[in-house]
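Remarks on the overall topology
Listed below, chain by chain, are the residues.
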Amino acid sequence: MITSVMDRRGRVARAALIVAGLTGIASFVSGCQSDPDIDITAYAQTIEPADVLYNQGLANLQAGQLAEASRKFEAVDKQHPYSEFARKAMVMSAFTLYRQGQYTEAISTANRYLSLYPNDEDAAYAQYIVGLAYYRQIPEVTRDQRTSARAIAAFNEVIERYPDSEYVADSQAKLRYARDQLAGKEMQVGRYYLERKEFVAAANRFRGVVEQYPNTRQVEEALARLVETYYAMGLESEAQTAAAVLGHNFPDSQWYADSYNLLRTGGLEPRENKGSWISRAGARLVGA
């Protein structure tokens, strides 16, 4: 009899708990439905497999649906962090952001990848994306060229850290353009000083181009401007040396013809002084 009573009491207690639980669930659902700040569907959202999300991202990318591709790749990283597909999705996310013109976000994502997987097989590609994102933001030569300097640093990383990667050749080509932009900016400033007859400041800018950016298109004019500047300062030997180096490297240049004629007005001609910094720098010029 005692056992029978206890069994009945136990069944009653369990029933009460079930009723209370059902009541609580009903109250929770009702509260969620009445609260505009809570999306009830979020509680029932399922986590998709990493490979499915990743492949959906690739399909969207191939179809040109870049925004949707970005969402899929980001979902892999959020739902399956530190997985193999999350690693791959991070690189593809950086590329997709780059393709959308979201350069700051692309750089941030690629750099995050490099900080987590610096020795991974796709690290060279991530570093290349950083360079591309800066490269696409390089302004015209009359504007500040800090972005050019950042592109140069990024592409140098590709070349130096991943010398066997398939991205080296294009990095070198884009590196030359970015360096030419920096040299062009120096030429602009140098011409400004020359017009104001601030010859020392002008000569320093033109010298910087010859010494720091020898393999750019700006060197030809820089040497000619040095001839003009040194001649105006009365530094005949330096002017003659600059003209001689210019003629040796760019004999058919109009800049050389103009420099030669300028010297001739003073009874001078190109003559290289082997002890001059210009002579030493001349051996490294693009036309040498």
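Remember, predicted model here, so these are calculated numbers, not experimental data.

Conventions we followed
Residues numbered from 1 in each chain as written. Predicted model: local features only at pLDDT ≥ 70, side-chain atom pairs only at ≥ 80, totals over all residues. Heavy atoms only, no water. Helix = DSSP H or I, 4+ residues; strand = E, 2+ residues; numbered from the N terminus. Buried < 20%, exposed > 50% of the residue type's maximum accessible area, 1.4 Å probe, protein only. Contact = heavy atoms within 4.5 Å. Areas by Shrake-Rupley, 256 points an atom, 1.4 Å probe, with all protein chains shown as cover. Expected span 1.5 Å × (residues − 1). pLDDT = per-residue confidence, 0-100. Axes fitted to C-alpha atoms, helices over the stretch in contact; angles between N-to-C directions. Parallel < 35°, antiparallel > 145°, perpendicular 65-115°, else oblique. Left-handed = near helix turned anticlockwise from the far one by under 90°. Nonpolar A, V, L, I, M, F, W, Y, C, P; charged D, E, K, R; others polar. Phe/Tyr/Trp six-rings, centres within 6.5 Å; stacked < 30°, edge-to-face > 60°. Patch = residues over 30% accessible without salt bridge, like charges linked within 9 Å, V, L, I, M, F, W, Y side chains within 5 Å. Salt bridge = Lys/Arg side-chain N within 4 Å of Asp/Glu carboxyl O. Polar contact = N/O pair within 3.5 Å; in protein donor to acceptor, adjacent residues only side chain to side chain. Core = buried A, V, L, I, M, F, W, Y, C linked by side-chain atoms within 4.5 Å.

Our next topic: the overall build of the protein. In terms of regular secondary structure, the protein is built from 14 helices and zero strands. For the protein, the N- to C-terminal ordering of α and β elements is α-α-α-α-α-α-α-α-α-α-α-α-α-α. Put simply, the protein has 288 residues, and 42% of those count as buried. Restricting to contacts in the protein with at least 6 residues of sequence separation, those with at least 24 account for 59%. When the accessible surface of the protein is summed, it comes to about 16300 Å², and 50% of that surface belongs to carbon and sulfur atoms.

Quick look at helix H10 (residues 199-212) now. With 14 residues, H10 extends 20 Å from end C-alpha to end C-alpha; this agrees with the ideal 20 Å at 1.5 Å per step. What H10 keeps buried is the set Ala202, Ala203, Phe206, Gly208, Val209 and Val210. Close packing links the buried residues of H10 with helix H9 (168-195), helix H11 (219-233) and helix H14 (277-282).

Let us now look at the confidence of the model for the protein. Averaged over every residue, the pLDDT of the protein is 87; the share at 70 or more is 83%. Counting contacts from residues 1-33, a segment whose pLDDT is below 50, to residues more than four positions away or on other chains yields four contacts.

Right, let's talk about the packing of helix H7 (residues 123-135) against helix H8 (residues 146-161) for a bit. Between two packed helices, what matters for the description is the angle formed by their axes and the separation of those axes. Put simply, H7 and H8 touch, their axes get as near as 8 Å, and they point 160° apart. Comparing the axis directions of H7 and H8 gives the class roughly antiparallel. Relative to H8, the crossing made by H7 is left-handed. Two secondary-structure elements touch here, H7 through Ala124, Gln127, Tyr128, Val130, Gly131, Leu132, Tyr134 and Tyr135 and H8 through Thr147, Arg150, Ala151, Ala154, Phe155, Glu157 and Val158. In terms of residue class, the contact of H7 with H8 is built from 10 nonpolar, three polar and two charged.

Below, the discussion takes up the packing of aromatic side chains. On inspection of all chains with the given rule, the structure shows 12 aromatic pairs. Considering the side-chain rings of Tyr128 and Phe155, the 6.4 Å spacing of their centres and the 55° angle between planes classify their relative orientation as tilted. In this pair, Tyr128 sits in helix H7 while Phe155 sits in helix H8, placing the two residues 27 residues apart along the sequence. Among the residues examined, Phe155 registers a relative accessible area of 0% and is labelled buried. Centre to centre, the rings of Tyr128 and Tyr167 are 5.0 Å apart; their planes meet at 20°, and the pair counts as stacked. Of this pair, Tyr128 sits in helix H7 while Tyr167 sits in the loop between H8 and H9, and the two are 39 residues apart along the sequence. When sorted by exposure, Tyr128 lands in the same class as Tyr167, which is buried. Members of the aromatic cluster, each reached through a chain of ring pairs, are Phe95, Tyr125, Tyr128, Tyr135, Phe155, Tyr167 and Tyr177.

On to a nonpolar patch on the surface. Nonpolar side chains collect at one region of the surface, where Val200, Met233 and Leu235 lie side by side and expose about 240 Å² of accessible area between them. Within the secondary structure, Met233 is located in helix H11. A residue is classified by how much of its surface remains accessible, and Met233, at 32% relative accessible area, is partly exposed.

With respect to the helices and strands, the residue Thr229 is situated in helix H11. Here the alpha-carbon distance between Thr229 and Glu198, two residues 31 residues apart in the chain, equals 9.3 Å. Beyond its immediate chain neighbours, meaning those up to four positions away, Thr229 contacts Leu194, Phe199, Ala202, Ala203 and Phe206. There is a polar contact of 2.7 Å between the side chain of Thr229 and the backbone oxygen of Arg225.

A separate point is the nonpolar core. In terms of nonpolar packing, the biggest core is built from 75 residues, with Val210, Leu223 and Leu226 touching the most fellow members. A per-element tally of this core places H7 first, with 11 residues. Those residues in contact with Val210 that sit more than four places away from it in its chain are Ala222, Leu223, Leu226, Trp277, Ala281, Arg284 and Leu285.

Glancing now at the environment of Pro214. Mapped onto the elements of the fold, Pro214 is located in the loop between H10 and H11. Taking relative accessible area as the criterion, Pro214 reaches 8% and is therefore assigned buried. Residues Pro214 and Gly282, spaced 68 residues apart in sequence, show a C-alpha to C-alpha distance of 8.4 Å.

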